[in-house]
Amino acid sequence: AAKARNVDAAVRIVHALLASPLPLKPTRALGVMAVPLTIGAIQTGRPDLGAQILARLDAAAASAPGDAAFELWRHINAAVFGNYVSDDVGQTMAHVAAGEVLAVDTGDRVAHAYLAILRSLDDSLVGGEEAAARADEAVRLVAESSLAVMVPWARTPAALARLRHDPAGAMAIATALTESNNAMVTYLAHAICEDARSTVDPETARDRARAIVASPECPPTAAALACRVAAFATLRLGDPRAAAQAVEEGARFASIAAARHIALDLDVLRIECRLAQGDAKGAQLALAAARTRADRMLRGASEQASVRRWPGILRLAELAIQIA
C-alpha cells in the first residue's frame, strides 16, 4: 500500500510537469532531468507517461533547434524509452548511434556512460564473451563518471550477457545486485539468478521464479522476466499446460511494461507449449502472431544489427521451419 501511494505521488508529479503551460527551454539540464522521469515511467508500468515526456522534449527541440547538448540528451531519452518499450529496435539504436556522435562532439562523459549502458543492454540480449566484455567496459565508464548511482544498472547487462556461456558468472553478478536499493534492479537480478539456474535445476528455478512474481513489490518488467523463467523451467519439467499458464501471465506483465524482448521470448515459449500439447493449429496461429512482432522489431534494423542475432529471433526462425 505504501509503495502504491509513492507511485501515485510520482505519477501526479509527472502529470503536473507535463501539464505545465510554460514552454520548456531546450537545455542540457532539461534533457538530463528527463531521464529519471522516463525511467520511472517505465518502471511503474506507465509507458504512456514516458511517451508524453518524449513528446515535450521533441516540442522543445522544435521551438529552438541547434543546441547540441540538448539534442544529445533528447536522443538518450528516446533510446532509454525505446530500449524498453518500442518494437522498432532499429530506430532505438539509431538514437544511440546519434547520441554517441554528439557525446564525442560535446565531450559529455556522463552522456557517454549512459550510452554505453544502452549499447551494452542491446548487446546483452545476444550474449557471449564479446558482449560481456563490452558490458564490463560500460560498468567501468559509469563508475568513472559522475553516475556512480547507475553502476547497478550497468552491471545488469553484464549479468545478462553471461547467461548462456557463463551461467555461474551471471549468477555471481546477479546475486550481488539483489542487494541493490533499486527495486527494478533487485527483482531483475533475482530473475536473472533463476534464469541461470533453470537449465541445471529447473524445479528450484520454477519455484523461486513464481515467488518473485508473487511479490507485491516486483515491478512488471521483472515479473515478466520471472514468468518467462518459470515457463521455460516448467516446460523442461514436462508440464506444457502449466508452462502455458506462466506464459500468459508473463505476457500480461510484458504488456503492462511494454517489454518487447521478453514478450518475444514469451511468444516463442507459447509456440513451444502448444507444440508440446499436440496443438498444431494453435502453434501455427501463435507463430503468425510472433512473426508479426518480430517483423516490427526487425524493421529498419541493418543486416549487422544485433537484434537479428537475438535468441528469440533465431529460435522463431527454427520453429517456422519445424512447423512448415
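Being a predicted model, the structure only gives us computed values, none of them experimental. (Residues numbered from 1 in each chain as written. Predicted model: local features only at pLDDT ≥ 70, side-chain atom pairs only at ≥ 80, totals over all residues. Heavy atoms only, no water.)

K.L.:
How would you summarise the overall build of the protein chain if you had to cite specific residues and measurements?
P.N.:
Across its full length, the protein chain holds 16 helices and zero strands. For 324 residues, the compact-globule estimate of 2.2 N^0.38 gives 20 Å, and the protein chain sits close to it at 20 Å. In terms of principal-axis extent, the alpha carbons of the protein chain reach across some 60 × 40 × 40 Å. Put simply, the protein chain has 324 residues, and 52% of those count as buried. Restricting to contacts in the protein chain with at least 6 residues of sequence separation, those with at least 24 account for 67%. Accessible surface, the protein chain: about 14,600 Å² in total, of which carbon and sulfur atoms supply 57%. Distance from the positive charge centre (34 side chains) to the negative charge centre (35 side chains) of the protein chain: 4 Å. (Helix = DSSP H or I, 4+ residues; strand = E, 2+ residues; numbered from the N terminus. Rg over C-alpha atoms; globule rule 2.2 N^0.38 Å. Buried < 20%, exposed > 50% of the residue type's maximum accessible area, 1.4 Å probe, protein only. Contact = heavy atoms within 4.5 Å. Areas by Shrake-Rupley, 256 points an atom, 1.4 Å probe, with all protein chains shown as cover. Lys, Arg positive; Asp, Glu negative; His and termini not counted. Charge placed at Lys NZ, Arg CZ, Asp CG, Glu CD.)

K.L.:
Any chance you could break down the packing of aromatic side chains for me, citing the residues and the numbers?
P.N.:
Considering all chains together, one arrives at one aromatic pair under this definition. Judged by centre distance (5.4 Å) and plane angle (85°), the rings of Trp73 and Tyr114 are edge-to-face. One end of the pair, Trp73, is in helix H4 (residues 68–84); the other, Tyr114, is in helix H6 (residues 109–124), and 41 residues separate them in sequence. Across the pair, exposure class does not vary: Trp73 and Tyr114 are buried alike. (Phe/Tyr/Trp six-rings, centres within 6.5 Å; stacked < 30°, edge-to-face > 60°.)

K.L.:
Can you lay out helix H11 (residues 202–214) for me, pointing to particular residues and giving the numbers?
P.N.:
When the terminal C-alpha atoms of H11 are compared, their 18 Å separation across 13 residues agrees well with the 18 Å that a helix rising 1.5 Å per residue should span. Restricting attention to buried positions, one finds in H11 the residues Pro202, Ala205, Arg206, Ala209, Ile212 and Val213. For H11, the angular spread of the buried residues around the axis is 125°, confining them to a single face. The inward-facing, buried residues of H11 abut helix H10 (183–197), helix H12 (220–236) and helix H13 (240–257). (Expected span 1.5 Å × (residues − 1). Arc of directions from axis to C-beta.)

K.L.:
Let's hear about the environment of Arg309: which residues, and what values?
P.N.:
Position of Arg309 relative to the elements: it lies in the loop between helix H15 (280–298) and helix H16 (311–323). Distance from Arg309 to Gly127, taken between C-alpha atoms, is 9.4 Å for residues 182 residues apart in sequence. Leave out the neighbours within four places in its chain, and Arg309 touches Val126, Gln304 and Leu314.

K.L.:
Tell me what's going on with H10, and back it up with residues and numbers.
P.N.:
Between its first and last C-alpha atoms H10 spans 21 Å; for 15 residues at 1.5 Å apiece the expected length is 21 Å, and the two agree. Within H10, 13 of the 15 residues are buried, which leaves it mostly tucked inside the rest of the structure. Where H10 begins, the side chain of Asn182 points an oxygen toward the backbone nitrogen of Met184, at a separation of 2.9 Å. (Polar contact = N/O pair within 3.5 Å; in protein donor to acceptor, adjacent residues only side chain to side chain.)

K.L.:
Hey, could you go over the side chain of Ser120 for me, with residue numbers and the actual values?
P.N.:
With respect to the helices and strands, Ser120 occurs in helix H6. Here Ile117 takes part through its backbone oxygen, which lies 2.8 Å from a polar atom of the side chain of Ser120. Those residues within four positions of Ser120 in sequence are excluded, and the remaining contacts are Arg134, Ala135, Ala138 and Pro157.

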